[in-house]
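Listed below, chain by chain, are the residues.
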Amino acid sequence: MYFDLGSISKEFEKFITRKSTIQFTFVLYVISTLLFAAAMYYWDFQIIDEMYDADEILTHLAMLSSEQKGIHIVLTTTLDVVYPFIYGFFQAGMAYRYLGNLGRWAALLSIFCIPVDLIEGFSQVMLLLGHESFMTLKILVTPIKFGLFIPGLCCAIIAGCLALYSKLTG
């Protein structure tokens, strides 16, 4: 028995470009983003997902209460585990569906971002638990995550604009 990667790739592309998949992942994307914002607002803290300077991270961690660290760990081990799949599938689906041949390459940015974001989440949990030896991993993967995520998001926004234009003029 063998794996036919070409066939698997085609099936995956069909799945993430379905209108229902794009709509579902978009709704989940918005809801999960709002859940992050609500948790940070309610417990009055900023998550360290966007930080990649060691001194800034250590200073921020020192200022967090034990309750805030606990909430951050829960967010990172639950919502932030599914979040990369949600945004990755949405952004890749938009790129594949609406950006033609360029979309195939653009979609890879969001797909490759998923494991990078998961590795970053692991390093964050370890840092929140006091294992500072994971700082190197955190400051290495966070810029890589943003280098994949931001262009992938921009491609999804462009794809959304093209889809809207097509719907309005078609």
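Residues numbered from 1 in each chain as written. Predicted model: local features only at pLDDT ≥ 70, side-chain atom pairs only at ≥ 80, totals over all residues. Heavy atoms only, no water.

## Considering the overall build of the protein
Looking only at helices and strands, the protein has seven helices and zero strands in total. Along the protein, helices and strands appear, N-terminal first, in the series α-α-α-α-α-α-α. Summarising its shape, the C-alpha atoms of the protein cover approximately 55 × 45 × 25 Å along the three principal directions. Of the contacts formed within the protein by residues at least 6 apart in sequence, a portion of 76% connects residues at least 24 apart. Carbon and sulfur atoms make up 70% of the accessible area of the protein, which amounts to about 10000 Å² in all. In the protein, the 10 positive side-chain charges and the 14 negative ones have mean positions that sit 18 Å from each other. (Helix = DSSP H or I, 4+ residues; strand = E, 2+ residues; numbered from the N terminus. Contact = heavy atoms within 4.5 Å. Areas by Shrake-Rupley, 256 points an atom, 1.4 Å probe, with all protein chains shown as cover. Lys, Arg positive; Asp, Glu negative; His and termini not counted. Charge placed at Lys NZ, Arg CZ, Asp CG, Glu CD.)

## Side note on the packing of aromatic side chains
Applying the stated rule across the entire model yields twelve aromatic pairs. Pairing Tyr-29 with Tyr-83 gives two aromatic rings, centres 5.9 Å apart and planes at 70°, and the pair type is edge-to-face. Taken together, the positions of Tyr-29 in helix α2 (residues 19–42) and Tyr-83 in helix α5 (residues 79–98) put the pair 54 residues apart, joining distant regions of the chain. Each member of the pair, Tyr-29 as well as Tyr-83, carries the same accessibility label: buried. Taking the centre distance of 6.3 Å and the plane angle of 35° together, the rings of Tyr-29 and Tyr-87 count as tilted. Linking Tyr-29 in helix α2 with Tyr-87 in helix α5, this pair joins segments that are 58 residues apart in sequence. Three or more aromatic residues joined by ring pairs make a cluster, and in this case those are Phe-26, Tyr-29, Phe-36, Tyr-83, Tyr-87, Phe-90 and Phe-149. Positioned above the aromatic ring of Phe-146, the side-chain terminus of Lys-145 is 4.8 Å from the ring centre. (Phe/Tyr/Trp six-rings, centres within 6.5 Å; stacked < 30°, edge-to-face > 60°. Buried < 20%, exposed > 50% of the residue type's maximum accessible area, 1.4 Å probe, protein only. Lys NZ or Arg CZ within 6 Å of the ring centre and 35° of its normal.)

## So, the nonpolar core
Grouped together as the largest cluster of nonpolar side chains are 41 residues, with contacts concentrated most on Tyr-29, Ile-57, Leu-61 and Leu-75. For this core, the elements supplying multiple residues, two or more each, are α2, α3 (54–63), α4 (66–77), α5, α6 (100–128) and α7 (135–169). Take this core: its biggest share by element is ten residues, from α5. The residues touching Leu-75, leaving out its near neighbours within four places in the chain, are Phe-36, Ala-39, Phe-45, Ile-47 and Asp-80. (Core = buried A, V, L, I, M, F, W, Y, C linked by side-chain atoms within 4.5 Å.)

## A look at the packing of α4 against α5
Between two packed helices, what matters for the description is the angle formed by their axes and the separation of those axes. Running from amino to carboxyl end, α4 crosses α5 at an angle of 35°, the nearest separation of the two axes being 3 Å. Mapping the contact onto sequence places Val-74, Leu-75, Thr-76 and Thr-77 in α4 and Leu-79, Asp-80 and Val-81 in α5. Classifying every residue of the contact of α4 with α5 by side-chain character gives four nonpolar, two polar and one charged. (Axes fitted to C-alpha atoms, helices over the stretch in contact; angles between N-to-C directions. Nonpolar A, V, L, I, M, F, W, Y, C, P; charged D, E, K, R; others polar.)

## Quick word on unusual backbone geometry
Of note, Asp-44 is a non-glycine position whose phi angle comes to about 50°, a positive value. Mapped onto the elements, Asp-44 comes out in the loop between α2 and α3.

## Some remarks on α3
Inspection of α3 places Ile-57, His-60 and Leu-61 among the buried residues, and these make up the whole buried set. For α3, the buried positions fall inside an angular range of 100° around the axis, keeping them on one side. For α3, the exposed residues lying more than 90 degrees away from the buried face are Asp-55, Ala-62 and Met-63. Where α3 is buried, its residues touch α4, α6 and α7. (Arc of directions from axis to C-beta.)

## Here we look at the side chain of Gln-124
Its location among the elements puts Gln-124 in helix α6. Classification of Gln-124 by relative accessible area gives buried; the value is 0%. Among the polar contacts listed, one links the side chain of Gln-124 to the side chain of Asp-49, at a separation of 3.2 Å. Those residues in contact with Gln-124 that lie beyond four places of it in its chain are Ile-48, Asp-49, His-72, Thr-76, Asp-80 and Lys-138. (Polar contact = N/O pair within 3.5 Å; in protein donor to acceptor, adjacent residues only side chain to side chain.)

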